[in-house]
Amino acid sequence: MSSKIRKGDQVVVLSGRDKGRQGQVLKVFGDGRVLVENVNKVKKHQRPNPQANPPVTGGIIEKEMPLPVSKVAIWNPGAKRADRIGFKTLADGRKVRYFKSNGEMLDA
C-alpha cells in the first residue's frame, strides 16, 4: 500500500466550502475519495428503521461525506502548513513517505 494519504493522517482542505479546515482521515476509498473527520458535513433525512441493528430513529442527521483526494493535502506540523508527499526507499529496503518541503520523514 503506497498511497500518499492514509487513514489517520492529519489533512487540510484546499478548496470548496470547507477550505482551510483540518481533520483526521477516517477512511480512504478506492475510487480516489477520502472521508475526513468534521469536514464536508451534510444533512441527511433518514427514515426510521426498527429492523436495523441497533434500531435507527428517523429524523435529520448530520454526517460527513467523502471528498476527492485532490482537494486535501497532508498537514506538516513542522512547517505549520499543507505539504506535498514523496516516497524514499531506505537502506534497509523500507519505503517511507516524506514531506517535500523539508525532507522530514512521515513513517519513520
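Residues numbered from 1 in each chain as written. Predicted model: local features only at pLDDT ≥ 70, side-chain atom pairs only at ≥ 80, totals over all residues. Heavy atoms only, no water.

Pairing in this open sheet of six strands is antiparallel, and the strands run β6-β3-β2-β1-β7-β8 from one edge to the other. A strand with exactly one partner marks an edge of an open sheet, and here the two such strands are β6 (67–68) and β8 (81–83). (Pairing = 2+ DSSP bridges. Helix = DSSP H or I, 4+ residues; strand = E, 2+ residues; numbered from the N terminus.)

Formed by Ile5, Val11, Val13, Val25, Val34, Val36, Val39, Leu67 and Val72, the largest nonpolar core amounts to nine residues. Listed by contribution, the elements that provide at least two residues to this core are β1 (10–13) and β3 (33–36). Once residues lying within four places of it in the same chain are set aside, the contact partners of isoleucine 5 are Val11, Val25, Val28, Val34, Val69, Val72 and Arg97. (Core = buried A, V, L, I, M, F, W, Y, C linked by side-chain atoms within 4.5 Å. Buried < 20%, exposed > 50% of the residue type's maximum accessible area, 1.4 Å probe, protein only. Contact = heavy atoms within 4.5 Å.)

What follows deals with the pattern of salt bridges. Using the criterion set out here, one finds five salt bridges in the structure. Of the charged contacts in the structure, one is a salt bridge between arginine 17 and aspartate 18, with a shortest N-O distance of 4.0 Å. Taking relative accessible area as the criterion, aspartate 18 reaches 10% and is therefore assigned buried. A salt bridge links aspartate 18 to arginine 21; the nearest nitrogen and oxygen atoms lie 3.6 Å apart. (Salt bridge = Lys/Arg side-chain N within 4 Å of Asp/Glu carboxyl O.)

By themselves, these figures tell us nothing about what the structure is for.
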